[in-house]
Amino acid sequence: NAGVMQNPRHLVRRRGQEARLRCSPMKGHSHVYWYRQLPEEGLKFMVYLQKENIIDESGMPKERFSAEFPKEGPSILRIQQVVRGDSAAYFCASSSQTAKNTGELFFGEGSRLTVL
Amino acid sequence: EDQVTQSPEALRLQEGESSSLNCSYTVSGLRGLFWYRQDPGKGPEFLFTLYSAGEEKEKERLKATLTKKESFLHITAPKPEDSATYLCAVQERTGGFKTIFGAGTRLFVKA
């Protein structure tokens, strides 16, 4: 049973380019969460999605950032016109309907974005 | 305003030297408190969920406890393979299902 799959694992972009990070949740999971982690800091919540719906995007910057979780295919976190401050590790987590209540999140290995 | 504060930031132990990690939280109503382990370059791995004051959970050398304001992760006779960052997180009753993480405690266990 494959875990949460994120790709790419490492991504290098120049300022002003776009970054697209993909996340395939665990089989049977319909809830996806994106977190950002800066060096020596904790995980910061960005967005919570269910299939075709954004449930909570309170942690996501209003500009340049967007997320989607289509009916078919992976969830995508998109960062437009990247700046150096966007450099971080972006983690995706998924949960099942019942685990949503227990708080158990299954995390991917993360995508590390470096903006030059 | 920090809702989850972990201490110490880093902890160095000798193998077999038991200790505790602290997590204090300030939320209006707690739905659940969670502990995760994160190894370098990896995603966090779920350890425990605690729901109410007085509750305890155990897994191998780890035991998590919860009071109304804080949680402790007790590590008994640690081994080098217990070296990792331990993350505490909470969900508020009124916060939807957003999980809020602390900055973590980096644990180093020397053989």
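Our structure's up above, just so we're on the same page.
I will try to describe carefully the structure that is included in this document. Everything numeric here is computed off the predicted structure, so don't read it as measured data.

**Quick notes on the state of the cysteines**
Scanning the entire structure with this criterion turns up two disulfides over all chains. For C23(A), the disulfide goes to C92(A), at an S-S distance of 1.8 Å. Between C23(A) and C92(A), the S-S dihedral sits near -55°, and the bridge is therefore left-handed. Of the two residues, C23(A) is situated in strand β3 (residues 19–24) and C92(A) in strand β9 (residues 88–95); the sequence distance between them amounts to 69 residues. Per residue, the accessibility class of C23(A) equals that of C92(A), and both read buried. The disulfide bridge from C23(B) ends at C88(B), spanning 2.0 Å between sulfur atoms. On the sign convention where negative is left-handed, the bridge of C23(B) and C88(B), at about -65° about the S-S bond, is left-handed. Residue C23(B) is found in strand β3 (residues 19–25), and its partner C88(B) is found in strand β9 (residues 84–92); the two are separated by 65 residues along the sequence.

**Observations regarding the pairing of strand β2 (residues 10–14) of chain B**
Residues and elements named next belong to chain B. Because side chains alternate across β2, one face comprises the buried residues L11 and L13, and the other comprises A10, R12 and Q14, none of which is buried. By the bridge criterion, five bridges tie β2 to strand β11 (residues 105–110) in an arrangement that is parallel. Bridged to L11 within β11 is L107.

**Focus: the sheet that holds strand β1 (residues 4–7) of chain B**
For sheets, the rule is that strands pair by backbone hydrogen bonds, running either parallel or antiparallel. Residues and elements named next belong to chain B. Spatially, the five strands line up as an open sheet ordered β1-β3-β8-β7-β6, and their pairing is antiparallel. This sheet does not close on itself; its edge strands, each paired only once, are β1 and β6 (56–59). Each strand of the sheet is rotated relative to its neighbour by a mean of 15°, with strand direction disregarded. Here β1 runs beside β3; their pairing, made up of four bridges, is antiparallel. Bridge pairing links S7 to N22 in β3.

**Looking at unusual backbone geometry**
The residue after N7(A), namely P8(A), is reached through a cis peptide bond having omega 0°. By secondary structure assignment, the location of P8(A) is in the loop between β1 (5–7) and β2 (10–13). Cis geometry is adopted by the peptide bond preceding P8(B), which originates at S7(B) and carries an omega value of -10°. Mapped onto the elements, P8(B) comes out in the loop between β1 and β2. At Q81(A), a residue that is not glycine, the phi angle is positive and equals roughly 45°. Mapped onto the fold, Q81(A) is located in the loop between β8 (75–79) and β9. The exposure class assigned to Q81(A) is exposed, which follows from its relative accessible area of 54%. Phi is positive for E60(B), which is not a glycine, with a value near 55°. Residue position: E60(B) is located in the loop between β6 and β7 (62–66).

**Examining the interface of chain A and chain B**
It is common to give the size of an interface as the accessible area that goes away when the parts come together. Each side of the interface is counted separately: chain A has 23 residues, and chain B has 20 residues. Buried surface at the junction of chain A and chain B, summed over both partners, amounts to about 1,700 Å²; 51% is from carbon and sulfur atoms. Between chain A and chain B we count one salt bridge in total. A salt bridge links K42(B) to E109(A); the shortest N-O distance between them is 3.2 Å. Taken together, the links from chain A to chain B amount to six residue pairs in polar contact (both at pLDDT 80 or more). Among the residues making up the side of chain A that touches chain B, the classes are represented as eight nonpolar, seven polar and eight charged.

Rules used throughout
- Residues numbered from 1 in each chain as written.
- Chains lettered and ligands numbered in written order.
- Predicted model: local features only at pLDDT ≥ 70, side-chain atom pairs only at ≥ 80, totals over all residues.
- Heavy atoms only, no water.
- Disulfide = S-S within 2.5 Å.
- Helix = DSSP H or I, 4+ residues; strand = E, 2+ residues; numbered from the N terminus.
- Buried < 20%, exposed > 50% of the residue type's maximum accessible area, 1.4 Å probe, protein only.
- Pairing = 2+ DSSP bridges.
- Axes fitted to C-alpha atoms, helices over the stretch in contact; angles between N-to-C directions.
- Contact = heavy atoms within 4.5 Å.
- Buried area = accessible area lost by both parts, 1.4 Å probe.
- Salt bridge = Lys/Arg side-chain N within 4 Å of Asp/Glu carboxyl O.
- Polar contact = N/O pair within 3.5 Å; in protein donor to acceptor, adjacent residues only side chain to side chain.
- Nonpolar A, V, L, I, M, F, W, Y, C, P; charged D, E, K, R; others polar.

By themselves these figures say nothing about function.
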